[in-house]
Amino acid sequence: MMKILLALDPSTQTMDEAIKIATDKQASLTALFVLDTTWNDYTAHDWLSGSGSRADFLEYARDHEFVSETECAATFRKRCPFQCEVKSATGRVSDEITRELIEGEYDLLVMSHPFRRGLEVVRDTAGKILKDITCSVYLVQTNPPALFSRNGSASLP
Amino acid sequence: MEEKQGMAKVLAIIPGLAFMILTLFVLRTYVEPWMENVVVMGQKGWLVKVLSLNYILLSILTGMFYRNVIFGGKIPDWAAEGFRTTRLFIKSGVIMLGSLYTIQGLLKVGGIAITLIFSFVFGTILFVIWFGGRNKMDRSLIGVMAASCGVCGVSAAVATTPAVRAKPADVALAIATILGFGIFTMFISPAIGHLLHLSDYQFGAWVGTGILNSGQVLATCLAYNPDIAPGTAVAYGEIWNVVRVISIPFVVFFITLWYWRSEAQAEHISLVKIIKEKFPLFIFGFLGMTALSSFGMLGAEGSETIHLMRQVMSWIFGLGLVGQGAYIDIRELKAAGGAPLKVGLAAGAIKYVLALVVVLLFVAKEANF
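Cut-offs and rules
- Residues numbered from 1 in each chain as written.
- Chains lettered and ligands numbered in written order.
- Predicted model: local features only at pLDDT ≥ 70, side-chain atom pairs only at ≥ 80, totals over all residues.
- Heavy atoms only, no water.
- Helix = DSSP H or I, 4+ residues; strand = E, 2+ residues; numbered from the N terminus.
- Rg over C-alpha atoms; globule rule 2.2 N^0.38 Å.
- Contact = heavy atoms within 4.5 Å.
- Areas by Shrake-Rupley, 256 points an atom, 1.4 Å probe, with all protein chains shown as cover.
- Pairing = 2+ DSSP bridges.
- Axes fitted to C-alpha atoms, helices over the stretch in contact; angles between N-to-C directions.
- Buried < 20%, exposed > 50% of the residue type's maximum accessible area, 1.4 Å probe, protein only.
- Right-handed = clockwise from strand over helix to strand, strands pointing away.
- Salt bridge = Lys/Arg side-chain N within 4 Å of Asp/Glu carboxyl O.
- Buried area = accessible area lost by both parts, 1.4 Å probe.
- Core = buried A, V, L, I, M, F, W, Y, C linked by side-chain atoms within 4.5 Å.
- Disulfide = S-S within 2.5 Å.

**Q** So what's going on with the overall build of chain B? Which residues, and what values?
**A** A count of helices and strands for chain B gives 18 helices and two strands. Computed over the C-alpha atoms, the radius of gyration of chain B is 20 Å, within 12% of the 21 Å expected from 2.2 N^0.38 for a compact globule of 369 residues. Here the C-alpha coordinates of chain B stretch approximately 60 × 50 × 45 Å along the principal axes. A fraction of 80% describes how many contacts in chain B between residues 6 or more apart in sequence connect residues 24 or more apart. Carbon and sulfur atoms form 69% of the exposed surface of chain B, whose accessible area is close to 14,800 Å².

Put into structure tokens, the structure is as follows:
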């Protein structure tokens, strides 16, 4: 049976595409949410912040990751009409997706492009993953969310 | 990556740290002396004299080269823990810089520094609030950008984000803007300073006011004049920087008040609580070193102790900057865009140019301390 991995981000369009392919191909579908743990390194340029500032920020970013995980997983489960597995991992997002693809021997990866998960908003996630894997990849072109609008929502179409 | 503990963590630091030390050793022993002698554009030492490519900028450039070319965008696991010591080195170095001053000297320059810094800090904040609003930016992000552009880049962004409930993903893009602009100014400022024949005092005052990120102020001053001693660019620039860093809790308080004023669910905001949580404790170390220096407890100027301490500082900063360069991912910086880029560039450029004009018009060539 064909195995499909969906890399979860807030895009419902990508979730729907993965579900559609899995249904058409009678394949098994696993969704993977990666909690990004690279904030500490990304903010390494903060040399001089106050005693509790840095710890507060990292805790705040981590809490956001948890909220995002809950929301993405709930949205996906709600949309998926058949039995599917939702996995969770922590680390650098592209590394964890690659690891899961290799260890789980998946046939197809479905993900958004650009990929909107944690610090991946400043990284080329798909480009990085493509260098390290051999399975097929289905990229769903998504419009960037209205990140900067006054009432912008981070959820994608 | 698994979090290492105790001895395993100490051992994990060694490879990366040794790599940074070796890099700095090669740069200081072979590369910098070679660049001082090589003839470019018909002038001996042009690379160092005109482009200020001394060991400080070379350290940052080499770190960037490692990250972006050799490491392919990510510091490898074997080196990661060692490179993480960067912040520790820089903070220790800044604390030791306190030994360059005396309490009397700080009081003399402090007044000018406080006036200049606070005018620019709050002027920039008000500009970002106005310009960000015009560009229909999210209020949370305006708060983060105002703090970053007003005070000291990434540190201020980190301090302000939770207080204004900004989305971390948005903050990542704001940080990319701030860092990108800061790196650009870091490389052009020494050349501009030499072109305008700025004294070390004027240069320190200018970059201490005009460059957004604290670390970049330090690096730029050392690129302009690598000497670490009273009366050098780094001694003056760091005074400005310390005053700016001290203002972080007050800026966070001001921005938090502004943010929650227009929100339906206003939070109770306490200045005392913010100071307690956000005040940078290393300032006490810095002032402690100044006190030791004022009472002559570190030895007289020219003593063996002072000489050794400054040698150690130059190595500490060099190491820190190799690590700092390795945290600069050009691809990540290129992700900056949208309204934060527009607002950040406008605020940063205006502050940078205006600070230069003010310094040229109102700051004397020589300081009296």
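**Q** How would you sum up the sheet that holds strand β1 (residues 3–7) of chain A? Please name residues and give values.
**A** Strand pairing in a sheet takes place through backbone hydrogen bonds and is either antiparallel or parallel in direction. Residues and elements named next belong to chain A. Strands sit in the order β3-β2-β1-β4-β5 across an open sheet of five strands; the sheet is parallel. Only two strands of the sheet have a single neighbouring strand rather than two, namely β3 (85–91) and β5 (136–141). Averaged over neighbouring strand pairs, the angle between their axes works out to 25 degrees when direction is ignored.

**Q** I'd like to hear about the side chain of Glu120(A), residue by residue, with values.
**A** All names here are of chain A. Here Glu120 lies in the loop between β4 (108–113) and α5 (125–132). Residue Glu120 is classed as buried on the basis of its relative accessible area of 2%. For Glu120, the contacting residues outside a window of four places in its chain are Asp36, Val93, Ser94, Phe115 and Thr125.

**Q** Any chance you could break down the pairing of β4(A) for me, citing the residues and the numbers?
**A** Residue and element names in this part refer to chain A. Across the six residues of β4, five count as buried, placing the element largely inside the fold. The pairing of β1 with β4 spans three bridges and is classified as parallel. Residue pairing across strands places Ile4 opposite Leu108, the latter belonging to β4. Summarising the sheet, β4 and β5 pair through six bridges and their orientation is parallel. The residue bridging Ser112 from the neighbouring strand is Val140, located in β5. With α5 bridging β4 and its parallel neighbour β5, the resulting β-α-β unit is right-handed.

**Q** An account of the pattern of salt bridges is requested, with residue identities and associated values reported.
**A** In this structure the tally under the stated criterion is 17 salt bridges over all chains. Ionic pairing is found between Asp95(A) and Lys128(A), a salt bridge with its closest N-O pair at 3.7 Å. With Asp95(A) in helix α4 (residues 93–104) and Lys128(A) in helix α5, the pair connects residues that are 33 residues apart, well separated along the chain. Several salt bridges share partner residues, and in doing so they unite Glu120(A), Arg123(A), Arg67(B), Asp329(B), Arg331(B) and Glu332(B) into one network.

**Q** Which residues make up unusual backbone geometry, and what are the values?
**A** Each neighbour pair has its own omega, and for His113(A) with Pro114(A) the value is 0 degrees, a cis peptide bond. Along the polypeptide, Pro114(A) turns up in the loop between β4 and α5. Phi is positive for Ser52(B), close to 55 degrees, though the residue is something other than glycine. Residue placement: Ser52(B) occurs in the loop between α2 (46–49) and α3 (55–70). Phi is positive for His197(B), which is not a glycine, with a value near 55 degrees. When you line up the elements, His197(B) lands in the loop between α9 (168–195) and α10 (200–210). Since its relative accessible area comes to 61%, His197(B) is described here as exposed.

**Q** With reference to specific residues and values, describe the interface of chain B and chain A.
**A** Each partner contributes residues to the interface: chain B has 55 residues there, and chain A has 34 residues. Here chain B meets chain A over a buried area of about 4,000 Å², counting both sides, of which 61% is carbon and sulfur. Area buried by chain B at its contact with chain A is led by Arg87(B), Val158(B) and Glu332(B), which between them contribute 16% of it. Seen at the junction of chain B and chain A, the total is three salt bridges. A salt bridge links Asp95(A) to Lys74(B), with the nearest nitrogen and oxygen atoms 2.8 Å apart. For the side of chain B that touches chain A, the element with the most residues is α9(B), which contributes nine residues.

**Q** Just give me the short version of the nonpolar core, but keep the residues and values in it.
**A** Counting residues in each nonpolar core, the largest one holds 139 residues, and the members touching the most others are Leu97(B), Trp206(B), Trp240(B) and Phe317(B). Aside from chain neighbours lying at most four places away, what touches Trp206(B) is Ser189(B), Ile192(B), Gly193(B), Leu198(B), Ile211(B), Tyr352(B), Ala355(B), Leu356(B) and Val359(B). Core analysis: the second largest hydrophobic core is formed by 20 residues, Leu6(A), Ile19(A), Leu35(A) and Cys72(A) among them.

**Q** Give a description of the side chain of Lys351(B) that names residues and reports values.
**A** Positionally, Lys351(B) belongs in helix α18 (residues 338–362). Every residue in contact with Lys351(B), bar those within four places of it in the chain, is listed here: Phe120(B), Thr124(B), Cys149(B), Gly150(B), Val151(B), Thr209(B), Gly210(B), Leu212(B) and Arg244(B).

**Q** An account of the state of the cysteines is needed here, citing residue identities and associated values.
**A** Residue and element names in this part refer to chain A. Counted by the stated rule, this structure contains zero disulfides over all chains. Cys84 provides the cysteine sulfur closest to Cys80, a residue in no disulfide bond, and the two sulfurs are 3.4 Å apart. For Cys80, a relative accessible area of 9% gives the class buried.

**Q** Just give me the short version of the environment of Ile188(B), but keep the residues and values in it.
**A** All names here are of chain B. On the secondary structure map, Ile188 appears in helix α9. Judged by its relative accessible area of 27%, Ile188 falls in the partly exposed class. On a C-alpha basis, the gap between Ile188 and Leu51 in space is 8.2 Å, while along the polypeptide they are 137 residues apart.

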